[in-house]
Amino acid sequence: MNTIITTSIYLLMFVPTLLFCNLSEKYIEKKKSLAIFCGALSIIIPSFFAGYRGLNVGVDIKTYAYNIYSIALESTDIISCLTKTSNYGLERVETGYVVMAFIATRLINDIKFFLFITEFMIILPIFSVAIILRKRISPTAIMATFLFIFYISTFNIMRQSIAAAWLLLAVVLFKVRRKFWSFIFSAMSICFHRTSIILLPIILIIYYLIQENNKKSKSVVLLGMLFLLGAVIINSSDLIVQLMDSQLIDKYKNIIVAFFSSDVKTYRSLTIQAYGEIITHVVFGLIGIYIFIKKKDPINFKNFLCTLGFLSLLTYLSFVILFNSVYGYRLTWQLDFFLVLIFPTIYNRPHKNKTYSNNIVFWTINFSCLFLGYAYLGWHGTLPLTFNI
């Protein structure tokens with residue numbers, strides 16, 4: 001299947017998804033039942049597509065997803081399912097994902113349904129964020145950013161994408177003062193990928209330092225950061241590896257050890273796909289700088305979001321420069337998902353007094369990620385595109 005056909009297939013799914021999202025955005029204040037129906041379709045259509053993709057589309061399907069599904073299918077209860085997961089050497093897979101697989105197999109005995117539920121659990125919080133912020137950022141622009149830039153990668157990075165999506169929703173709810181649900185969804189994020197344990201405190205520290213005006217809160221957070229920094233310097237990699245030992249698989253621990261030992265041999269050589277990813281990260285970094293300097297703050301959230309984006313970019317580029325590796329994104333994926341709020345701020349909704357040069361940039365970059373990144377280069381092991389019908 002060539003690049004143009006692959007792109008066309010994705011567009012045939014993206015276009016109706018975004019049309020229904022736009023209708024939901026349009027009618028949310030006037031005809032809520034119609035808005036809910038259209039919103040549901042904008043979630044179900046891409047989830048359905050993901051469910052029917054071939055089992056070769058996304059490396060992690062055969063790395064753990066299919067095995068977890070098989071274990072859940074043959075287990076009589078959730079306890080035995082969790083036990084078998086450990087016995088089969090899949091103890092690194094978080095409890096939330098195993099429980100989701102067990103529930104899915106009880107409802108419908110089909111791997112396609114399990115993959116559908118997996119994608120649904122990613123898109124649902126993304127769409128929820130879009131609706132919560134609809135008066136400040138276009139929900140259609142948020143969903144477009146997700147679909148063109150992140151959606152296909154979630155065929156491979158499944159557990160961590162679920163965690164990233166729910167953590168994004170948790171932070172947005174925290175911002176709008178819905179603290180209880182923010183706590184619940186933060187816990188959900190941790191249940192699906194343990195890296196959220198590390199990233200959640202970092203996000204909260206940055207939030208209080210940048211977003212809050214309470215000097216006492218800033219002082220407490222700053223002292224905490226200094227304490228943690230001192231502990232890291234004193235104990236170096238031993239402390240971090242001990243903290244991560246029960247949380248991250250060997251690949252992640254090797255990344256951290258190599259960071260302190262400068263063991264370049266830990267990493268693979270860069271490929272053309274990797275260079276494409278690097279260029280994309282740099283482009284979005286430049287866009288972030290533009291937004292930080294030039295754009296108004298439609299959600300009173302800009303500095304916080306841009307800081308998370310810069311932290312993610314710096315971490316990613318550090319691995320590229322120091323270790324000739326693009327695997328840094330595996331440690332910053334939850335931060336990367338905040339791009340679905342940063343990038344759409346350049347998009348202007350239709351209005352007679354507005355110019356749309358930024359919209360051309362918005363759609364050009366989105367389409368380039370789909371066409372060049374996924375359909376041509378095959379980021380995240382998503383080529384060739386096949387279907388399991």
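So, a few notes on the structure that sits alongside this text.

Cut-offs applied
- Residues numbered from 1 in each chain as written.
- Predicted model: local features only at pLDDT ≥ 70, side-chain atom pairs only at ≥ 80, totals over all residues.
- Heavy atoms only, no water.
- Helix = DSSP H or I, 4+ residues; strand = E, 2+ residues; numbered from the N terminus.
- Buried < 20%, exposed > 50% of the residue type's maximum accessible area, 1.4 Å probe, protein only.
- Contact = heavy atoms within 4.5 Å.
- Core = buried A, V, L, I, M, F, W, Y, C linked by side-chain atoms within 4.5 Å.
- Patch = residues over 30% accessible without salt bridge, like charges linked within 9 Å, V, L, I, M, F, W, Y side chains within 5 Å.
- Areas by Shrake-Rupley, 256 points an atom, 1.4 Å probe, with all protein chains shown as cover.
- Salt bridge = Lys/Arg side-chain N within 4 Å of Asp/Glu carboxyl O.

### Describing the environment of Leu335
Part 1 of the reasoning: Note that Leu335 resides in helix H15 (residues 329-336).
Part 2 of the reasoning: For Leu335, a relative accessible area of 3% translates into the label buried.
Part 3 of the reasoning: For the pair formed by Leu335 and Ile202, sequence separation is 133 residues and the distance between their alpha carbons is 10.0 Å.
Part 4 of the reasoning: Sequence-distant contacts of Leu335, defined by excluding residues within four places in its chain, comprise Leu199, Ile203, Leu308, Leu311 and Ser312.

### Observations concerning the nonpolar core
Nonpolar side chains in soluble globular proteins tend to end up buried together.
Part 1 of the reasoning: By size, the foremost hydrophobic cluster in this structure holds 108 residues, and its most contacted members are Tyr97, Phe146 and Tyr151.
Part 2 of the reasoning: Apart from residues lying up to four places away in sequence, Tyr97 is in contact with Tyr64, Ala65, Ile68, Phe114, Thr118, Met158, Arg159, Cys191 and Phe192.

### Notes on a nonpolar patch on the surface
Part 1 of the reasoning: Among the surface-exposed residues, Val282, Leu286, Ile289, Phe292 and Ile293 lie close enough to one another that they form a single nonpolar patch of about 450 Å² accessible area.
Part 2 of the reasoning: Within the secondary structure, Val282 is located in helix H13 (residues 272-294).
Part 3 of the reasoning: The exposure class assigned to Val282 is partly exposed, which follows from its relative accessible area of 33%.

### A few points about the side chain of Ser24
Part 1 of the reasoning: You can see Ser24 is positioned in helix H1 (residues 3-27).
Part 2 of the reasoning: Its relative accessible area of 2% is what places Ser24 among the buried residues.
Part 3 of the reasoning: Excluding its chain neighbours within four sequence positions, the residues that come into contact with Ser24 are Ala35, Cys38, Gly39, Phe127 and Ile131.

### Considering the pattern of salt bridges
Part 1 of the reasoning: Summed over the entire model, instances satisfying the criterion amount to four salt bridges.
Part 2 of the reasoning: The residue Glu94 makes a salt bridge to Arg194 at a minimum N-O spacing of 3.8 Å. Separated by 100 residues along the polypeptide, Glu94 in the loop between helix H4 (78-87) and helix H5 (95-107) and Arg194 in the loop between helix H9 (179-192) and helix H10 (195-210) bring together distant segments of the chain.
Part 3 of the reasoning: Classification of Glu94 as buried rests on a relative accessible area of 2%.
Part 4 of the reasoning: One network of salt bridges, with partners in common, ties together Glu94, Arg159 and Arg194.

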